[in-house]
Structure formats: structure tokens, C-alpha cells
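One letter stands for each residue in the lines below.
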Amino acid sequence: MEKIIDLNDIGNKSYDIFDNWLEVKDLGSNSYHFGFWSVRLCASQNGQEYLKYEGVSKIGLISVLEHYGYFKRYRSNNTHFYIKSSDNILTRVTPTIIKDFALDLIKTLPEKIDVLSFKVKSDKLKEIFLREHNVLFGENALSPLRTHIANFLTDTKEAMYFPFKNIVIKVTGDSIKLIEYSNLENLCIWENHIIKRDFVLSNNKSMFEDFITNISNSDPKRINAFRSAIGYCLHRFYSPVSTKAVLLYDEQMTDANSANGGTGKGLFVDSFSQLRERETIDGKKFDGSDKFALQRISESTDIVFFDDVRNDFDFERFNSILTNGWEIEAKNQHTFRIPLEGSPKMI
């Protein structure tokens, strides 16, 4: 038996698959759109009514995408990027990802659907969409998506936040507080900033604390230096009057051609990725003259680690970054700037 759904009844019934995205909307002058498609109700010379397909409805396309949480956000230089919002948890997406979502949604169509009492074959709708989809999902074609303007949950001078799966932790100089996600109101969080495990408060001494003690040779001054570096790198707040980079070097300095591994530098830096988003750049291969050298850094990057830099590493290149913010140029994308207050820390 054919599966037929009357679109005119969707507003009064519950369909888990469609969730009202195919609701027929009257645009006036016998024009209608439903889902991604636009049709016109016409009459032949003998007075018989029929539906004329007018292609993909851009209004319908944008409305459906917004219904499922797709929006754009602006950077400080007025360029934009696309995101998917789910209960104010944001994921950055590309036009290709949005197109793939639309194609997957179309695959859920039943064999036939009723539109204004006409039985419409879903294969016809799929064909119309596939014929036009390449021009529907370009960078500019999706720009009519509404602008997402909710503020991010950000660290302040006095507090920093750690969003776990089950709770958000607020850490200050003298307290640790637990905040329910429902109490964040209209603040949003990057999905890749959510720590992928539940938070459980423990008073037990951690193995990581022993690790810091061991690589510091139990020297209180060196332990405090590591604590300062950890706190600075984990803190997303960036003070314009106190811009720093964290430098790690071996206890026993050797000549430039000798390796001195196994001292814990890599493990120390790896620990940050347990709580923050870290991007690692191969210091040996880093070419400061390559305009795309920093293209893997994004607005959600918290820490940039230049691993095992060469002896002639040009640190002066980063003086302006530490004081003015990052300018990122990526292939086939607009150049964008990460302002100082949103800049990642550098190791």
C-alpha cells in the first residue's frame, strides 16, 4: 500500500520525520510553497486545475534550514560563517554540510504526498531539487539565513568556565561552583568546547599533580611556574596589558642538533586538550612566509602549540599577534581576524 501524507493536516497531527517542515504556505496569487518547493495552482482551458512546479522555493529553503537551527554569525570584520544551533550549543558548518543535511532530509520523503488535494510523487520533487542544488548552497546563496547574535559564555578576569556533558563548572580564585545548562539563559557555547565526559568532584590527589611534581624535580618554584602556566593557558580571558606566550624548554640545554625528548613537554601540552580546544602546528615544518600557515586556527581555538620549533624560529613574527590579535587566511575562504579579547593562548 502506498504511503500518503496529507500536507494540509500536518499542522494538526504529529509526524516525527517531518516536524512540520512540509507545511503548505499560501503566498497569494495561487502560489504556494511547501518544504523546499514552490508550486502554482493553475487551470487548463477546460477549467481543470493542476499544479505547476516552479522549482525550489528560496523562501522555503531558508525557512526550513532556520527551523532546523542553521544560521550565520558575523565576525568583527563583517565577514560571516555558518553555524548550527541546538539549544544554544553551536557547531560550525560549511555550505556543503548544510547541503548534505537538506539532501538527507529529502530522502525521508514518502513515495507520494498530498499537496492541495493533488498526489505529488516525491521522485519529482527530488529531481527538481537535485537539478538546482548546486546553485542553492553557495556562500552567497545562503547569506539570507538569519544572523545568530546570542553572546557566548566567556571567561572573565575573575572567573573561568568549563562546560562538561552534565554541568558547567565556574572556577574562581576561591571557589568552584556548579551551574546547570538550563541556567545559562541565552548564552551559547561551541559544541567542541564541551568536555566529552561528566564532571565528578573529587578530593583525591591526581596523577597529574604527581606528574608536575616529578618534572619539576619537587622544586616549589618550578611547581608554581607550571601552575601559573596551566592557569594562564586554561583561562580564556585575554588581558591587553598582559600578553604572553608560554615557552617550554629542556632542563638540560643541548646543542641545536641533539634531541632531548622524554622530559614531559609533550605530555604537559597534551593535558590542555582534556579541557580546552588545542591546535598543534609542527614547528619543524612551519613556514612563516606561507600565508596559509595558520589556516587551521579558528574562532573556537583556545590554545596554539608550536611543537618542536627550529633553532631559527622567528618569534618576532608573533609580537603583533600577541598585542593585536590573529589574522587568519585560509584557502578558498575570506581572511578573518580574531581580536585580542578572543585570541588563543600560545605555547
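This text gives an overview of the structure that appears in the document.

Quick look at the side chain of Glu 279
- Among the secondary structure elements, Glu 279 is positioned in strand S15 (residues 278-282).
- A polar contact of 2.7 Å, which involves the side chain of Glu 279, links it to the side chain of Arg 296.
- Leave out the neighbours within four places in its chain, and Glu 279 touches Arg 296, Thr 301, Ile 303, Val 304 and Phe 305.

What about the pattern of salt bridges?
- What the rule picks out here adds up to 13 salt bridges.
- When the shortest N-O distance is used, the salt bridge between Glu 54 and Arg 40 registers 3.0 Å. Here Arg 40 lies in strand S4 (residues 37-43) and Glu 54 lies in strand S5 (residues 49-56), a separation of 14 residues in the sequence.
- Given the relative accessible area of 29%, Arg 40 is considered partly exposed.
- Put simply, Lys 291 and Glu 329 hold a salt bridge, and the shortest N to O gap is 3.8 Å.

Remarks on a nonpolar patch on the surface
- Taken together, the side chains of Ile 176, Leu 178 and Leu 201 present a nonpolar region at the surface, about 320 Å² in accessible area.
- By the secondary structure assignment, Leu 201 is in the loop between strand S14 (189-190) and helix H4 (207-215).

Describing the sheet that holds strand S6 (residues 70-74)
- The strand order S6-S7-S8-S14 describes an open sheet built from four strands, whose pairing is mixed. If you trace the sheet from one side to the other, it starts and ends with S6 and S14, each paired once.
- Relative to strand S7 (residues 80-86), S6 runs antiparallel, the two sharing five bridges. Bridging from a neighbouring strand, Arg 73 pairs with Phe 81 of S7.
- This element, helix H2 (residues 95-106), spans S6, S7 and strand S8 (89-93) of the sheet and lies at about 105 degrees to S8.

Here's the deal with the packing of H4 against helix H5 (residues 220-234)
- Closest axis-to-axis distance for the H4/H5 pair is 8 Å, and the angle between their directions is 125 degrees. The orientation of H4 with respect to H5, classified from their angle, is oblique. Remark: the crossing between H4 and H5 carries right-handed chirality. Residues Phe 208, Ile 212, Thr 213 and Ile 215 of H4 pack against Arg 222, Ile 223, Phe 226 and Ile 230 of H5.

What to know about the environment of Tyr 70
- If you trace the backbone, Tyr 70 turns up in strand S6.
- Separated by 20 residues in sequence, Tyr 70 and Leu 90 place their C-alpha atoms 9.6 Å apart.

Considering the sheet that holds S5
- Taken together, the four strands give an open sheet; going across it, the order is S2-S3-S4-S5, and neighbouring strands pair in antiparallel fashion. In this open sheet, the two strands that pair with only one neighbour each are strand S2 (24-28) and S5. In this sheet, neighbouring strand axes are inclined to one another by 30 degrees on average, regardless of whether the strands run parallel or antiparallel.
- Relative to strand S3 (residues 31-34), S2 is paired through four bridges, and the arrangement is antiparallel. What sits directly across from Asp 26, in S3, is Tyr 32.

A few points about the packing of H2 against helix H3 (residues 122-136)
- Running from N to C, H2 and H3 cross one another at 175 degrees; their axes reach a closest spacing of 11 Å. As summarised for this structure, H2 and H3 are arranged roughly antiparallel, according to the angle between their axes. Contacts between H2 and H3 involve Lys 99, Ala 102, Leu 103 and Ile 106 from the former and Lys 126, Phe 129, Leu 130, His 133 and Asn 134 from the latter.
- Within the contact of H2 with H3, the residues separate by chemical class into five nonpolar, two polar and two charged.

What to know about H2
- Compared with an ideal rise of 1.5 Å per residue, which puts 12 residues at 16 Å, H2 spans 17 Å between its outermost C-alpha atoms and is within 8% of the ideal.
- Along H2, the residues that are buried comprise Pro 95, Ile 98, Lys 99, Phe 101, Ala 102, Leu 105 and Ile 106. Buried positions in H2, seen along its axis, are confined to an arc of 155 degrees and lie on one side of it.
- Contacts from the buried residues of H2 go to S4, helix H1 (58-67), S6, S7, S8 and H3.

Criteria and thresholds
Residues numbered from 1 in each chain as written. Predicted model: local features only at pLDDT ≥ 70, side-chain atom pairs only at ≥ 80, totals over all residues. Heavy atoms only, no water. Helix = DSSP H or I, 4+ residues; strand = E, 2+ residues; numbered from the N terminus. Polar contact = N/O pair within 3.5 Å; in protein donor to acceptor, adjacent residues only side chain to side chain. Contact = heavy atoms within 4.5 Å. Salt bridge = Lys/Arg side-chain N within 4 Å of Asp/Glu carboxyl O. Buried < 20%, exposed > 50% of the residue type's maximum accessible area, 1.4 Å probe, protein only. Patch = residues over 30% accessible without salt bridge, like charges linked within 9 Å, V, L, I, M, F, W, Y side chains within 5 Å. Areas by Shrake-Rupley, 256 points an atom, 1.4 Å probe, with all protein chains shown as cover. Pairing = 2+ DSSP bridges. Axes fitted to C-alpha atoms, helices over the stretch in contact; angles between N-to-C directions. Parallel < 35°, antiparallel > 145°, perpendicular 65-115°, else oblique. Left-handed = near helix turned anticlockwise from the far one by under 90°. Nonpolar A, V, L, I, M, F, W, Y, C, P; charged D, E, K, R; others polar. Expected span 1.5 Å × (residues − 1). Arc of directions from axis to C-beta.

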